[in-house]
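Tertiary structure, described
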Amino acid sequence: MKEKFQVIDRRDFIKKTGLGALGITLAPTLLAKAKANGRVRTAHIGLGMMGMADLNAIASHDAVDVVALCDVDAAMMAKAEALFPNAKTYADYREMLKDMEDEIDAVVVSTPDHTHAPASLMAMNMDKPVYCQKPLTHHVSEAREMNKVAEKKGLITQMGIQVHSFYDYKLATLLIQDGIIGKVHTVRAWSPKNWGTDAPAPVGSDPVPANLDWDLWLGTAPERPYKEGEYHPGNWRKVLDFGCGTLGDMGVHIFDTPYNALQLDVPRTIINECRQPTGYGFPEHNTVTYEFPSTPYTAETLKWVWYDGPGAPADHEDLKLPNGEQLPDQGAMFMGEKGRLLLPHFQQLPRLIVDGKYQEMDIEKFNLGKPVKDYEGESKKHYHQFVDAILGKDECSAPFSYASRLTETILLGVIAGRFPNQTLHWDAKKAKFEEKEANQYLKGKYRKF
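Residues numbered from 1 in each chain as written. Predicted model: local features only at pLDDT ≥ 70, side-chain atom pairs only at ≥ 80, totals over all residues. Heavy atoms only, no water.

Looking at the overall build of the protein chain
Quick reminder of the rule: Counting from the N terminus, the helices are DSSP H or I runs at least four residues long and the strands are E runs at least two residues long. Burial here depends on accessible area, computed with a 1.4 Å probe over protein chains only, as a share of the maximum for the residue type. Under 20% is buried, over 50% is exposed, and the range in between is partly exposed. Here, residues are in contact when the closest pair of their heavy atoms is within 4.5 Å. Calculation of accessible area relied on Shrake-Rupley with a 1.4 Å probe; when residues are assessed, cover is drawn exclusively from the protein chains displayed.
Looking only at helices and strands, the protein chain features 12 helices and 18 strands. Looking at the protein chain residue by residue over its 449 residues, the buried ones come to 57%. Looking at the protein chain alone, contacts between residues at least 24 apart form 72% of all its contacts between residues at least 6 apart. When the accessible surface of the protein chain is summed, it comes to about 18900 Å², and 49% of that surface belongs to carbon and sulfur atoms.

Set out below in structure tokens:
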């Protein structure tokens, strides 16, 4: 019988399940073998929703052989197995990685957020390149640990933030860094999605579906009864123990381009205007304000405001568009010395606004190729880049060295939701808040399962 809710230290978990004592000699050998064979054998952890998209996109690369599939839900497993009948199947990623250590060249992690780090770190401590969905981790400490392990072992890594490789986002980055609006002093970003709940935790329990291993789904998270429709398969993002709210979902996508374009590090201060914490779910509405130190592309300080929840963003002079137009449903606005740059979320070109009017931009000099509307298969670029990097033909554009900082920034805003309307001060060198009571949320307690 499995032990129930025994809390273990995070490092102990990594050592016991991640084979942390292994040396670093295996990675070059595996990469050399992959390069010599021209093939990459992949294992996939998490096959529902985004996991299936990740599986199909990675497998679409001509050099990929899918050799292992893992999911705690037999129904999701069956769909993936029908596509890749020769792959070995598992419900427990720990068993898969141990059984197939010598048969896997790379691992793709597409689970709910709370399992990103445990699964990824186990694979990384076996010297496997890892593609991990966003946000990179559930806790700040995990993001730093994943970056540390990747750097120490020299692993090829990529966070699943596909828009990072899209034409329109790369164009916005080049425009900002070319100085089209001068030094940027403010960024406002928004999403009306609602990955939050103001309701209390559900009471009681429901029978666990026959196709689901609930204990494995919980993984290292605290034990709780199964409730139909509350967690698996689609609502876990709303719950503190499993997801990171709207900020951890859409915020990562929409923050990415401004964060990359402005070459930001982690913020100095964070404040989240939201309701009081309930201990169960994320707030349905958040307004998070970050202050960042300067970079070559910003003013002396950079103010960043994030809005989410139904009706977001709040009205603001910075967000008024020419001709009375409405804002795109999701996106970001850069405010600089010489004007504003609007970046709608998802495959729409950025637009320059000066003195309240749209202005034409000379984008030909950036030589990015066809207009965005003519691009096919944009979503595959990011995945294929990971495979090509393993084969020595490319470099990853969102490695964990970058993804960990972006994720840390996002998660600091999530933590600020525990302290509504209170400014938190972040010491990046010490990896601690000045407000000691906030430090308890930087890491989690792993349940033994």
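What follows picks up the thread again.
A short note on helix α7 (residues 140-153)
Since the α-helix turns once every 3.6 residues, residues separated by three or four places project in the same direction. To keep things clear, this is the line we draw: Take the residue count of a helix, subtract one, and multiply by 1.5 Å to get its expected span.
With 14 residues, α7 should cover 20 Å at 1.5 Å per step; its first-to-last C-alpha distance of 20 Å lies within 8% of that length. Note on α7: the residue one or two positions beyond its end, Gly-154, has a positive phi of about 65 degrees.

Examining the environment of His-164
What counts is decided by this rule: Whenever two N or O atoms come within 3.5 Å, that pair is a polar contact, provided that in protein one can donate a hydrogen and the other can accept it, and provided that, for residues adjacent in sequence, both atoms are side-chain atoms.
Inspection of the secondary structure puts His-164 in the loop between β7 (157-160) and α8 (167-177). His-164 gets classed as buried once you look at its relative accessible area, which sits at 10%. Considered as a pair, His-164 and His-382 are 218 residues apart in the sequence and their alpha carbons are 7.5 Å apart. Every residue in contact with His-164, bar those within four places of it in the chain, is listed here: Lys-170, Asp-256, Asn-260, His-382, Ser-397, Ala-398 and Tyr-402. Within the structure, His-164 has its side chain in polar contact with the side chain of Asp-256 (distance 2.8 Å).

Observations regarding the sheet that holds strand β3 (residues 64-70)
Neighbouring strands of a sheet are bound in pairs by backbone hydrogen bonds; such pairs are parallel or else antiparallel. To be explicit about the condition: In this description, strands pair whenever DSSP reports at least two bridges between them. Fitted lines through C-alpha atoms serve as axes, helices being fitted only where they are in contact, and the angles separating the N-to-C directions of these axes extend from 0 to 180 degrees.
Across the sheet, six strands lie side by side as β4-β3-β2-β5-β6-β7; this open sheet has parallel pairing. Two strands close off the open sheet at either side, each with one partner strand: β4 (88-90) and β7. Geometrically, the sheet is characterised by an average inter-axis angle of 20 degrees between neighbouring strands, direction not taken into account. The sheet contacts of helix α4 (residues 74-83) involve β3 and β4, and relative to β3 the element is tilted by about 160 degrees. Together, β6 (130-133) and β7 form the strand contacts of helix α12 (residues 400-416), whose direction differs from that of β7 by roughly 40 degrees.

A few points about the side chain of Asn-286
For Asn-286, the location among the structural elements is in strand β10 (residues 286-293). Within the structure, Asn-286 has its side chain in polar contact with the side chain of Asn-272 (distance 3.1 Å). A distance of 3.2 Å separates a polar side-chain atom of Asn-286 from the backbone oxygen of Pro-283. Among all residues touching Asn-286, those that are not within four sequence positions of it are Asn-272, Glu-273, Cys-274, Trp-306, Tyr-307 and Asp-308.

Describing the pattern of salt bridges
For the record, the criterion: By salt bridge we mean one thing: a side-chain nitrogen of Lys or Arg within 4 Å of a carboxyl oxygen of Asp or Glu.
By the definition in use, this model includes 16 salt bridges. Note that Glu-408 is salt-bridged to Arg-144, the shortest N-O span being 2.7 Å. Highlighted residues: Glu-408 in helix α12 and Arg-144 in helix α7, separated in sequence by 264 residues. Relative accessible area serves as the criterion here: at 3%, Glu-408 is assigned to the buried category. You can call Arg-144 partly exposed: its relative accessible area is 31%. A single network of salt bridges, built from pairs that share partners, joins Lys-134, Arg-237 and Asp-249.

Quick notes on the nonpolar core
Worth spelling out the cut-off: Within this scheme, the nonpolar core is defined by two criteria: the residues are buried Ala, Val, Leu, Ile, Met, Phe, Trp, Tyr or Cys, and they are joined through side-chain atoms within 4.5 Å.
Counting 100 residues, the largest nonpolar core has Leu-97, Val-107, Trp-217, Trp-304, Phe-334, Phe-400 and Phe-433 as the members making the most contacts within it. With 10 residues, α12 is the single largest residue contributor to this core. Ignoring any residue separated from it by four or fewer positions in sequence, one finds Phe-433 in contact with Ile-270, Leu-412, Ile-415, Leu-424, His-425, Trp-426, Ala-438, Asn-439 and Leu-442. Of all hydrophobic cores here, the second largest spans 26 residues; its members include Met-52, Ala-87, Ala-106 and Val-108.

Overview of the sheet that holds strand β8 (residues 184-191)
With respect to topology, 10 strands assemble into an open sheet ordered β15-β14-β13-β12-β8-β11-β10-β9-β16-β17, the strand pairing being mixed. Looking at the sheet topology across the chains shown, the edges are occupied by β15 (357-359) and β17 (432-433). As judged from the seven bridges shared by β8 and strand β11 (residues 298-308), these two strands associate in the parallel manner. Considered in β11, the bridge of Val-184 is made with Thr-298. In the packing of helix α10 (residues 245-261) onto the sheet, contacts are made with β8, β10, β11, β12 (331-336) and β13 (340-344), and the angle to β11 comes to roughly 150 degrees. Contacts between α12 and the sheet are confined to β9 (269-273), β10, β16 (424-427) and β17, with β9 contributing the most and set at about 50 degrees to the helix.

Topic: α8
Burial analysis of α8 places eight of its 11 residues in the buried class, the great majority of the element. Among the residues of α8, those classed as buried are Tyr-167, Asp-168, Tyr-169, Leu-171, Ala-172, Thr-173, Leu-175 and Ile-176. Looking one or two residues past α8, Gly-179 carries a phi angle of roughly 85 degrees, positive in sign.

Some remarks on the environment of Ala-398
Position of Ala-398 among the secondary structure elements: in the loop between α11 (378-390) and α12. Ala-398 sits in the buried class, given a relative accessible area of 0%. In this structure the C-alpha to C-alpha distance between Ala-398 and Gln-385, which are 13 residues apart in sequence, comes to 9.9 Å. Look past the residues within four positions of Ala-398 in its chain and what remains in contact with it is Thr-157, Gln-158, Met-159, Ile-161, His-164, His-382 and Ala-403.

Regarding unusual backbone geometry
Following Lys-134, the chain continues into Pro-135 via a peptide bond in cis, with omega recorded as -20 degrees. Relative to the helices and strands, Pro-135 is located in the loop between β6 and α7. Of note, the phi angle at Asn-421 is positive, near 65 degrees, even though the residue is not glycine. Relative to the assigned elements, Asn-421 resides in the loop between α12 and β16. Asn-421 gets classed as partly exposed once you look at its relative accessible area, which sits at 48%.

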